[in-house]
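This is what each chain is made of:
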Amino acid sequence: MSMTSEAVLGRKARWANIRRETGRALAAALIALGVAFIIILFTSKAPLEAFNVLLTAPISRPRTIGLWIDDVAKLTITGLAFSLVFQARQFSMGVQGQVYVGGLAAAYVALSPIGATWLAIPVGVLCAMIAGGFYGFIPGIAKAKLGANEIVSSLMLNYIAIELCNYLVRTQLVPPGSGVLTTNDFPATAVFPALVAGTRIDIGLILAIVAVLAVWFALYRTAWGLKLRLVGHNAQFAEYSGIRSTVIMVSAMTVAGALGGLLGAMFVQGQSYGKLTILFEGGLAFEGILIAIVARSRPLAVPVVALFYGYLRQGAQLMNIRTDVPSEVIGVVTAIIILLVASSFSLPGRKFFARLFGRDPASSAVMEAGK
């Protein structure tokens, strides 16, 4: 078979795979929304109004659109961080801790004399990424040198980072005698400028787009990315091929940590805060696991999933505020989506539709099996 034919077949298989995954994700979302409607029907006195709020409130006003897009940017970064470690077949849960140390580093820069200069944003972001990268490096090197389980070590590091951040905010970073749990507002030069006035859409969105392209390029256009994917597919084969899998694994966790640190800077230096407060990330960092699973750890799919998930997330929060339905309902919806998409769920009736459109189901199956 010529190289041209192989390329055409590869392109067809790739598009077939994209169509299949998209169809499956949409079907999962529709099923989950159907379940959500049934739950709302039993928990609300005005179910149609509540469901309408869930589906339309995020785009009802410029302010709510800003909240949605801000969430999407942050979910994209945390989804990318988890995707990187999942690609290396590691299960580090440390993004949350990396967000806190990154936020702390950015806050110290913003509250220092540098905070009043134009260097506040680039230096703050850089320091946050270095701090997050170092915090991601620790469980990686602990696993490589000491055999420490990365799940346990990264979860423990999360607790340390959260408590350290709380301690420093309470004792050192708040104004003396104020009794508040937040620092003073950062200087205007240290806060990300808004891209759309009156909303939370700031340059964090640009950073998220750049991060997506950078991670995709690193994974699919560099030797490091090829080695990382080989280690993820088969670490023993990678070792036989001369790849130092431990080095690749530690580097992947360090880069993921840098992304976590970047997310910390986006929180504290973004339009949503502009200061450091305790428990500032509100559990969003962990939701990156869901994004990465649904996106199947593919960098270009991460922002798409974040867009839909962020919409549901904002819709649930607004539904909780404006109606009598608790936001926990959306937890049920999310869990169903994850279960359907992450499992081997497949659309029913595919053979019927294949025959209806004149395709051979057997050849379709062979094509998909060959991916």
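Reading the values: rules and limits
- Residues numbered from 1 in each chain as written.
- Predicted model: local features only at pLDDT ≥ 70, side-chain atom pairs only at ≥ 80, totals over all residues.
- Heavy atoms only, no water.
- Phe/Tyr/Trp six-rings, centres within 6.5 Å; stacked < 30°, edge-to-face > 60°.
- Helix = DSSP H or I, 4+ residues; strand = E, 2+ residues; numbered from the N terminus.
- Buried < 20%, exposed > 50% of the residue type's maximum accessible area, 1.4 Å probe, protein only.
- Lys NZ or Arg CZ within 6 Å of the ring centre and 35° of its normal.
- Core = buried A, V, L, I, M, F, W, Y, C linked by side-chain atoms within 4.5 Å.
- Contact = heavy atoms within 4.5 Å.
- UniProt positions renumbered as here; feature names shortened; annotations may be inferred.
- Axes fitted to C-alpha atoms, helices over the stretch in contact; angles between N-to-C directions.
- Parallel < 35°, antiparallel > 145°, perpendicular 65-115°, else oblique.
- Left-handed = near helix turned anticlockwise from the far one by under 90°.
- Nonpolar A, V, L, I, M, F, W, Y, C, P; charged D, E, K, R; others polar.
- Polar contact = N/O pair within 3.5 Å; in protein donor to acceptor, adjacent residues only side chain to side chain.
- Patch = residues over 30% accessible without salt bridge, like charges linked within 9 Å, V, L, I, M, F, W, Y side chains within 5 Å.
- Areas by Shrake-Rupley, 256 points an atom, 1.4 Å probe, with all protein chains shown as cover.
- Salt bridge = Lys/Arg side-chain N within 4 Å of Asp/Glu carboxyl O.
- Lys, Arg positive; Asp, Glu negative; His and termini not counted.
- Charge placed at Lys NZ, Arg CZ, Asp CG, Glu CD.

Let's talk about the packing of aromatic side chains
- Across all of its chains, the model carries 7 aromatic pairs by this definition.
- When the ring of Tyr-100 is compared with that of Phe-280, the centres are 4.8 Å apart and the planes differ by 50°; the resulting orientation is tilted. Of this pair, Tyr-100 sits in helix α4 (residues 95-111) while Phe-280 sits in the loop between α10 (245-269) and α11 (288-294); the two residues are 180 residues apart in sequence, bridging distant segments of the chain.
- With a centroid separation of 6.5 Å and 50° between ring planes, the pair formed by Phe-267 and Tyr-273 is classed as tilted.
- Of the residues examined, Phe-267 reaches a relative accessible area of 5% and is grouped as buried.
- Relative accessible area serves as the criterion here: at 29%, Tyr-273 is assigned to the partly exposed category.
- Taken together through their ring pairs, the aromatic side chains of Tyr-100, Phe-267, Tyr-273 and Phe-280 make up a single cluster.
- Positioned above the aromatic ring of Phe-267, the side-chain terminus of Lys-74 is 5.0 Å from the ring centre.

Topic: the nonpolar core
- Of all hydrophobic cores here, the largest spans 77 residues; its most connected members are Ile-77, Phe-186, Leu-259, Leu-276 and Phe-280.
- Considering each element in turn, this core owes the most residues, 13 residues, to α10.
- Apart from the residues within four sequence positions on either side, Leu-259 is in contact with Ile-77, Leu-80, Ala-81, Leu-84, Ala-211 and Val-215.
- Among the nonpolar cores identified, the runner-up in size contains 10 residues, and Ile-40, Ala-57, Met-319 and Val-325 belong to it.

Here's the deal with the UniProt feature "transmembrane region" (unreviewed entry) in the protein
- With numbering matched to this structure, UniProt assigns "transmembrane region" (unreviewed entry) to residues 25-45, 65-86, 93-111, 117-138, 203-223, 243-268, 289-309 and 329-347.
- Helix makes up 86% of residues 117-138 and strand 0%, whereas the separation of the span's terminal C-alpha atoms amounts to 32 Å.
- As annotated, residues 243-268 has a helix share of 92% and a strand share of 0%, and its two end C-alpha atoms lie 39 Å apart.

A few points about the packing of α4 against α10
- Running from N to C, α4 and α10 point in directions that differ by 55°, and their axes come no closer than 6 Å. As summarised for this structure, α4 and α10 are arranged oblique, according to the angle between their axes. In this structure, α4 meets α10 at a crossing whose hand is right-handed. Facing Val-95, Gln-98, Val-99, Gly-102, Gly-103, Ala-106 and Ala-107 of α4, the residues of α10 in contact are Ala-256, Gly-257, Gly-260, Gly-261, Leu-263, Gly-264, Ala-265, Phe-267, Val-268 and Gln-269.
- In terms of residue class, the contact of α4 with α10 is made up of 9 nonpolar, 8 polar and no charged.

Looking at the environment of Gln-90
- As for its placement among the helices and strands, Gln-90 is situated in the loop between α3 (62-87) and α4.
- Along the sequence, Gln-90 and Glu-150 sit 60 residues apart, while their C-alpha atoms lie 7.5 Å from each other.
- Sequence-distant contacts of Gln-90, defined by excluding residues within four places in its chain, comprise Val-85, Lys-143, Glu-150, Met-249 and Met-253.
- A polar contact is formed between the side chain of Gln-90 and the side chain of Lys-143, at a distance of 2.8 Å.

Observations regarding a positive patch on the surface
- On the surface, a cluster of positive charge is made up of Arg-61, Arg-63, Arg-200 and Arg-322.
- Within the fold, Arg-200 resides in the loop between α6 (150-173) and α7 (204-220).
- Here Arg-200 falls in the partly exposed class, since its relative accessible area comes to 35%.

What about the environment of Gly-103?
- Looking at the secondary structure, you find Gly-103 in helix α4.
- In this structure the C-alpha to C-alpha distance between Gly-103 and Phe-267, which are 164 residues apart in sequence, comes to 7.0 Å.
- Among residues more than four places away in sequence, those in contact with Gly-103 are Gly-264, Ala-265, Val-268, Leu-276 and Phe-280.

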